[in-house]
Amino acid sequence: MLQRLKTKNRVKIYRLEIDSSCHLCNSNVEESVDHLFFACSFTREFFDLVKNWLGWKTSVQTIEKAVLWLGKARMRKLKRGVYTAALAALIYQLWICRNLKLCEGKENNRRVIFQQVQNVTKNRVSCIWPKKASNCDKVWFDSL
């Protein structure tokens, strides 16, 4: 991410008069990448849903730490790929949800958001499926 998303705290750099609070959780907390994707109560709910869906046992709180954890954790290559795809899909869907609420004042159905994350994750992983996937990996992925 490299802190390049145009979150409200970054837009303030251009000296625009904007409400920099997070619209997803309706709090007075300044919207930043870390808040938006991990600390925001709205998005935290989805991160926890994804972790539960995948059986992902981690307590990371920021994007940088999630990326570091994925790089260092000892796990099978396929599982690492699924976690990475799920994190990317989650971030993308939450960004879409944030923009929809900010620009149009509309909220997506929470169930639909989670289903989109699941579908995108499964489709991405299916496209990069390794030739030598173990039966254990196949069973785990099919159970998702």
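In what follows, the structure referred to is the one given above.
Parameters at a glance
- Residues numbered from 1 in each chain as written.
- Predicted model: local features only at pLDDT ≥ 70, side-chain atom pairs only at ≥ 80, totals over all residues.
- Heavy atoms only, no water.
- Helix = DSSP H or I, 4+ residues; strand = E, 2+ residues; numbered from the N terminus.
- Buried < 20%, exposed > 50% of the residue type's maximum accessible area, 1.4 Å probe, protein only.
- Contact = heavy atoms within 4.5 Å.
- Core = buried A, V, L, I, M, F, W, Y, C linked by side-chain atoms within 4.5 Å.
- Salt bridge = Lys/Arg side-chain N within 4 Å of Asp/Glu carboxyl O.

> An account of the side chain of H35 is requested, with residue identities and associated values reported.
Mapped onto the fold, H35 is located in helix α2 (residues 33–39). In this structure H35 comes out as buried when scored by relative accessible area, which is 8%. Excluding residues within four positions of it along the chain, H35 makes contact with C22, C25, S27, V29, E30, C40 and T43.

> For the nonpolar core, give the residues involved together with the corresponding values.
Residues F37, F42, V50, L54 and V82 are the most contacted members of the largest nonpolar core, which totals 37 residues. Sorting the residues of this core by element identifies α2, α3 (41–54), α4 (63–72), α5 (77–104), α6 (110–127) and α7 (135–142) as the ones contributing at least two each. Looking at this core, the element that brings in the most residues is α5, giving twelve residues.

> Which residues make up the pattern of salt bridges, and what values go with them?
Inspection of every chain in the model, using the stated rule, returns six salt bridges. Across the salt bridge formed by D48 and R44, the nearest N and O atoms sit 3.6 Å from each other. Of the two residues, D48 and R44 are both situated in helix α3; the distance of four residues between them amounts to about one turn of the helix. By relative accessible area, which is 29% here, D48 ends up partly exposed. The closest approach of N and O atoms between E104 and K106, which form a salt bridge, is 3.5 Å. The network of salt bridges with common partners includes R44, D48 and K51.

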